[in-house]
Amino acid sequence: MPDLEVTDVDRAGASGSSAEPGGPRRGVVSRRGLLDPQIMRVAAVEAVRKLDPRVQVKNPVMFVVLIGSVITLVEAIADPSAFSWAVTVWLVLTVLFANFAEAVAEGRGKAQADTLRRMRTETHARRLRSEGREERVAASELSLGDVVVCEAGDVIPSDGEVIEGAASVDESAITGESAPVIRESGGDRSAVTGGTRVLSDQIIVRITAEPGKTFVDRMINLVEGAKRRKTPNEVALTILLAALTIIFVPAVVTLQPFSMFAGDRVSVIVLIALLVCLIPTTIGALLSAIGIAGMDRLVQRNVLAMSGRAVEAAGDVQTLLLDKTGTITMGNRMASEFHPVSGCDEQELANAAQLSSLADETPEGRSIVVLAKQRYGLRGGDLEREHEFIPFSATTRMSGVDTDGRQIRKGAADAVKRWVSELGGSSPADLDPIVERVARAGATPLVVADGSRVLGVIELKDVVKPGIVERFAELRAIGIRTVMVTGDNPLTAAAIAQEAGVDDYLAEATPEAKLALIKAEQEGGKLVAMTGDGTNDAPALAQADVGVAMNTGTTAAKEAGNMVDLDSSPTKLIDIVEIGKQLLITRGALTTFSVANDVAKYFAIIPALFAGTYSQLDALDIMHLHSPQSAVLSAVIFNALVIVALIPLALRGVRFRPTSATAVLRRNVLIYGVGGLIVPFVFIKLIDLILTALGAF
Ligand SMILES: Nc1ncnc2c1ncn2[C@@H]1O[C@H](COP(=O)(O)OP(=O)(O)OP(=O)(O)O)[C@@H](O)[C@H]1O
Ligand SMILES: [K+]
Ligand SMILES: [Mg+2]
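Residues numbered from 1 in each chain as written. Chains lettered and ligands numbered in written order. Predicted model: local features only at pLDDT ≥ 70, side-chain atom pairs only at ≥ 80, totals over all residues. Heavy atoms only, no water.

An unreviewed UniProt entry lists the protein chain under the name Potassium-transporting ATPase ATP-binding subunit, from Actinopolymorpha pittospori. Annotation of the protein chain in UniProt includes, under Sequence similarities (unreviewed entry), the sentence "Belongs to the cation transport ATPase (P-type) (TC 3.A.3) family. Type IA subfamily." One UniProt comment on the protein chain, placed under Subunit (unreviewed entry), says "The system is composed of three essential subunits: KdpA, KdpB and KdpC." (UniProt positions renumbered as here; feature names shortened; annotations may be inferred.)

The following block contains the structure:
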């Protein structure tokens, strides 16, 4: 049983200190920079491997370029010329550059996956047989429902739920946080992760993960992008890009009759080069890199996103729901005082409170036993008679014991008062003022009743996590409304809501009420994020568009959400929203740039190509490129190089400042649209000059 001393350690661990602006801590997160030479080397090899048509066919734009390069290759072999070979080489390079962009984006994740794999190897477990005997097995042999013992020094062999005991655990291998955290049976902090290490005491853990499906396994899949699927937005954009590609095929092919009419047949090579310049290769090449890099940026901030869709949704979130206990507050509510009503003394209240909590495995229940024991000694003897425990549930908001003809209950004030009146009792006049006083101070009042007789109130203290007010103000600045939802009473909720600076709160919320609130917001057309840690948050986490579970939370919560915050920081959503917005803006900006670019290329090359044929086009030939062949090749080279030039932007994301959506849009159209129109003219001319100087054409 944990005593009061460990609490301080625990607070340090659960404090979500990442909310502080101090240096980042890293667990499995790779420290490598995105453009690290090692990652670049691996990516260069990957880029060649990705030439596989089965890979390419998933990206219609680049697939067309690949087919084009095969055709020009055949032409170059059949009728060799410096021009045909040059175009062929640059078309292949175009595809390679696109592959390279994707491979670099994947690089850091692959490195992290390797680190995680090393962590997973060769752990042993002490499995408990049903007769109570212990046996040593390899961690990989553990299956769902097995029960294992872990002692100080042991690595926890797989994911599980603590069913007995409490221990301090070093989770730094996963979270990078060096302060130990408490893991204990009952309540919202019972989940343990395979690969973390027990530092003190002993716990009995029931395995909750099937072999090969542990948290670390999922993390490996995730950072490696092995199971990455296109998000609906990406699919939609890919279809649009494919459509643009298809439209350009006839547009290019019909150039042939024009030139034939003038008695000057355009070669297949030129037509293909032209087509590649016109289709949206820039965004086609960088689209998946942008998505992968977004997920990677989240991992860098210790957030694991299980779906790319959630990351995108985060960019548009308007409402954030947070649960109170464990998310906004530290979450170890400790009994700090007994307040008897008149006609009852403190010892009687403490004894009843203790009796009702002896089997209450929640942190609240245990802290009540500790406080009562400190003041009046242990009263376990009362339970030698027949008894039945009533466990706490988020729906009844009560717990207690039936023993020796007595029914003792403790719980939320309204719940216990209702129970008392159902038994024909009534609450004493001084109860409400006590409850109110405790609640107004931001503490949680638990009313204790022995049958129909109310004895008094237990005060449970909790502390708001530091630094939260400022961060909620930031959320407000980017237009997100914060709502605290809690099972606690309205007065406590109001006090904590004010202290934390949330915009709104919902009190006495059952799991169903939390779920209903999310649905209501969503029906209003809003995207909703939810942050929570408890099993009672799980339905809401599953329903939310962005469900962020605290890593300190229960397995149920972590499985229900679509993101896990390894730092368990309630304000991590600010980072998540920022990364989501950045992802959407980056994709939009590069799409704008890409399309503007293609339009510009059209007007840069066509006049050069036909100036000799149709002299009317001379007026349009503002660039005066050296020759038609030089014009085409310059455009192809520019088209390939622009992909390389934009890789850093695609990976890092365009800079994000918290401003309104219209301001962002205006800025992007200006920079990336107008820029996209001008840049090709400048660089194609430059490349043309270089080619001419080299005496190429
Ligand atoms: N072990 C317990 N025994 C009896 N009553 C409890 C116990 N733990 C909590 N309660 C009461 O039940 C209420 C609801 O608890 P619940 O865990 O659903 O929500 P919460 O943790 O207070 O809020 P949040 O949803 O913000 O985490 C608490 O506010 C408290 O009054
Ligand atoms: K293009
Ligand atoms: Mg909770």
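K.L.:
I tried to follow the packing of helix 4 (residues 60–78) against helix 11 (residues 281–300) on my own but got confused; where do I start?
P.N.:
For any two helices packed against each other, one specifies the crossing angle of their axes together with the interaxial distance. Direction vectors running N to C along helix 4 and helix 11 enclose 120°, while the axes themselves pass 8 Å from each other. Judged by the angle between their axes, helix 4 and helix 11 are oblique. As for the relative orientation of helix 4 and helix 11, their crossing is left-handed in sense. Contact residues: Val-61, Met-62 and Val-65 in helix 4; Thr-281, Gly-284 and Ala-285 in helix 11. Its residues assigned to classes, the contact of helix 4 with helix 11 comprises four nonpolar, two polar and no charged. (Axes fitted to C-alpha atoms, helices over the stretch in contact; angles between N-to-C directions. Helix = DSSP H or I, 4+ residues; strand = E, 2+ residues; numbered from the N terminus. Parallel < 35°, antiparallel > 145°, perpendicular 65-115°, else oblique. Left-handed = near helix turned anticlockwise from the far one by under 90°. Contact = heavy atoms within 4.5 Å. Nonpolar A, V, L, I, M, F, W, Y, C, P; charged D, E, K, R; others polar.)

K.L.:
Honestly, the UniProt feature "active site" (unreviewed entry) in the protein chain in this entry has me stumped. Any pointers?
P.N.:
The feature "active site" (unreviewed entry), as given by UniProt, occupies Asp-323 in the numbering adopted here. Inspection of the secondary structure assignment puts Asp-323 in strand 11 (residues 319–323).

K.L.:
Would you explain the site of ligand 1 in this entry?
P.N.:
Taken together, 23 residues surround ligand 1, and among them Asp-323, Lys-324, Asp-360, Ser-399 and Lys-514 come closest. Taking Asp-323, its side chain carries an N or O atom lying 2.7 Å from an oxygen atom of ligand 1. With respect to ligand 1, the side chain of Thr-486 contributes an N or O atom lying 3.1 Å from an oxygen atom. Here ligand 1 has 600 Å² of accessible area as a free molecule, and 97% of this is covered by the chains. Contributions of two or more residues to the shell around ligand 1 are made by helix 13 (324–328), strand 14 (398–403), strand 15 (406–412) and strand 16 (444–450). Ranked by residue count, the leading element in the shell around ligand 1 is strand 15, at three residues. Class assignment for the residues of the shell around ligand 1 results in six nonpolar, eight polar and nine charged. (Near = heavy atom within 4 Å. Polar contact = N/O pair within 3.5 Å; in protein donor to acceptor, adjacent residues only side chain to side chain. Areas by Shrake-Rupley, 256 points an atom, 1.4 Å probe, with all protein chains shown as cover.)

K.L.:
Whenever I open this one, the coordination of the potassium ion (ligand 2) confuses me. Can you help?
P.N.:
Metal coordination angles have textbook ideals: 109.5 degrees for a tetrahedral set of four donors and 90 or 180 degrees for an octahedral set of six. Of the protein atoms, only Val-276 (O), Cys-277 (O), Ile-279 (O), Thr-281 (OG1), Asp-598 (OD) and Asn-639 (OD1) coordinate the potassium ion (ligand 2), at distances of 2.4 to 2.9 Å. On the primary sequence, the residues serving as donors to the potassium ion (ligand 2) are separated as V-C-x1-I-x1-T-x316-D-x40-N. With Cys-277 in helix 10 (residues 268–278) and Asp-598 in helix 23 (residues 572–610), this pair connects stretches of sequence that are 321 residues apart. Judged by its relative accessible area of 5%, Asp-598 is buried. (Donors = N, O, S within 2.8 Å, 3.2 Å for Na, K, Ca; no water. Buried < 20%, exposed > 50% of the residue type's maximum accessible area, 1.4 Å probe, protein only.)

K.L.:
For this particular structure, what's the right way to read the sheet that holds strand 15?
P.N.:
Strand pairs in the sheet, formed through backbone hydrogen bonds, run parallel or antiparallel to each other. Within the open sheet, the six strands sit side by side as 12-17-16-15-14-13. Their pairing is antiparallel. A single partner strand is all that each edge strand has here, and the edge strands are strand 12 (334–340) and strand 13 (387–390). Sheet twist, expressed as the mean angle between neighbouring strand axes with direction ignored, is 15°. Bridge count between strand 15 and strand 16: five bridges; the pairing is antiparallel. Considered in strand 16, the bridge of Ala-412 is made with Leu-446. Packed onto the sheet, helix 16 (residues 413–422) meets strand 14, strand 15, strand 16 and strand 17 (453–461) and runs at close to 150° relative to strand 15. (Pairing = 2+ DSSP bridges.)

K.L.:
What is the right way to read the packing of aromatic side chains from this model?
P.N.:
The way to describe two aromatic rings as a pair is by their centre distance and the angle between their planes. With the rule as written, the count across this model stands at two aromatic pairs. Taking the centre distance of 5.7 Å and the plane angle of 85° together, the rings of Tyr-602 and Phe-603 count as edge-to-face. With centroids separated by 6.2 Å and ring planes inclined at 25°, the aromatic side chains of Phe-638 and Phe-683 adopt a geometry described as stacked. A residue pair is termed long-range when its members are at least 10 positions apart, and Phe-638 in helix 24 (residues 628–652) and Phe-683 in helix 25 (residues 661–693) qualify at 45 residues. (Phe/Tyr/Trp six-rings, centres within 6.5 Å; stacked < 30°, edge-to-face > 60°.)

K.L.:
Looking at this model, I keep getting lost on the UniProt feature "binding site: ATP" (unreviewed entry) in the protein chain. Mind explaining?
P.N.:
Cross-referencing UniProt, the feature "binding site: ATP" (unreviewed entry) maps to Asp-360, Glu-364, Phe-392, Ser-393, Ala-394, Thr-395, Thr-396, Arg-397, Met-398, Ser-399 and Lys-410 in the present numbering. Residue placement: Thr-396 occurs in the loop between strand 13 and strand 14. Its location among the elements puts Met-398 in strand 14. A relative accessible area of 12% places Met-398 in the buried class. Not counting the four nearest positions on each side in its chain, Met-398 is found in contact with Pro-391, Phe-392, Ser-393, Arg-409, Lys-410, Gly-411, Ala-415, Val-416 and Trp-419.

K.L.:
Please explain the packing of helix 10 against helix 23 as it appears in this structure.
P.N.:
Between helix 10 and helix 23, the shortest axis-to-axis distance is 8 Å and the interhelical angle comes to 155°. As summarised for this structure, helix 10 and helix 23 are arranged roughly antiparallel, according to the angle between their axes. For the pair helix 10 and helix 23, the contacting residues are Val-270, Leu-274, Cys-277 and Leu-278 in the first and Asp-598, Lys-601, Tyr-602, Ile-605, Ile-606 and Leu-609 in the second. Counted by class, the contact of helix 10 with helix 23 contains eight nonpolar, no polar and two charged residues.

K.L.:
Teacher, can you tell me more about the pattern of salt bridges here?
P.N.:
If charged atoms from side chains of opposite charge come close, those side chains can pair. Here the structure, examined in full by the defined rule, presents 48 salt bridges. Residues Glu-134 and Arg-126 are paired through a salt bridge, measuring 2.7 Å at the closest nitrogen-oxygen approach. Look at Arg-126 and you get partly exposed, because its relative accessible area is 22%. Put simply, Asp-488 and Lys-324 hold a salt bridge, and the shortest N to O gap is 3.0 Å. With a gap of 164 residues between them, Asp-488 in the loop between strand 18 (481–485) and helix 19 (490–500) and Lys-324 in helix 13 connect regions that are remote in the sequence. (Salt bridge = Lys/Arg side-chain N within 4 Å of Asp/Glu carboxyl O.)

K.L.:
Can you walk me through the nonpolar core in this structure?
P.N.:
One broad rule of soluble globular proteins: the nonpolar side chains tend to lie buried together. Ranked by size, the top nonpolar core spans 111 residues in total, and within it Leu-286, Ile-328, Val-546 and Met-563 carry the most contacts. Looking at which element gives the most residues to this core, the answer is helix 23, with 16 residues. Among residues more than four places away in sequence, those in contact with Ile-328 are Leu-322, Asp-323, Val-464, Lys-465, Ile-468, Phe-472, Met-484, Ile-496, Ala-500 and Val-502. Residues Leu-371, Ala-412, Val-420 and Leu-446 belong to the second largest nonpolar core, which totals 35 residues. (Core = buried A, V, L, I, M, F, W, Y, C linked by side-chain atoms within 4.5 Å.)

K.L.:
Just to check I follow, could you spell out helix 24 for this structure?
P.N.:
Given 3.6 residues per helical turn, the α-helix brings residues three or four places apart onto the same face. Across its 25 residues, helix 24 extends 37 Å between first and last C-alpha, which sits within 8% of the 36 Å expected from 1.5 Å per residue. Positive backbone phi, approximately 85°, marks Gly-653, located one or two places after helix 24. (Expected span 1.5 Å × (residues − 1).)

K.L.:
Got a minute to help me understand helix 18 (residues 468–477) in this structure?
P.N.:
Within the sequence span of helix 18, burial applies to Ile-468, Arg-471, Phe-472 and Leu-475. Buried residues of helix 18, viewed axially, fall in a sector of 100°; they line one side. Along helix 18, exposed side chains directed more than 90 degrees from the buried face belong to Glu-470 and Ala-477. The positive-phi residue at the C-terminal boundary of helix 18 is Gly-479, with phi of around 85°. (Arc of directions from axis to C-beta.)

K.L.:
When you look at the side chain of Glu-234 in this model, what are you seeing that I'm missing?
P.N.:
Mapping Glu-234 onto the fold places it in helix 8 (residues 232–253). Ignoring any residue separated from it by four or fewer positions in sequence, one finds Glu-234 in contact with Arg-228, Arg-229, Leu-287, Gly-291, Glu-312 and Arg-587.

K.L.:
Is there a simple way to explain the environment of Phe-392 in this structure?
P.N.:
Following the sequence through the fold, Phe-392 ends up in the loop between strand 13 and strand 14. Sequence separation between Phe-392 and Lys-410 is 18 residues; the distance between their C-alpha atoms is 9.3 Å. In contact with Phe-392, other than residues within four places in its own chain, are Thr-362, Arg-397, Met-398 and Ser-399.

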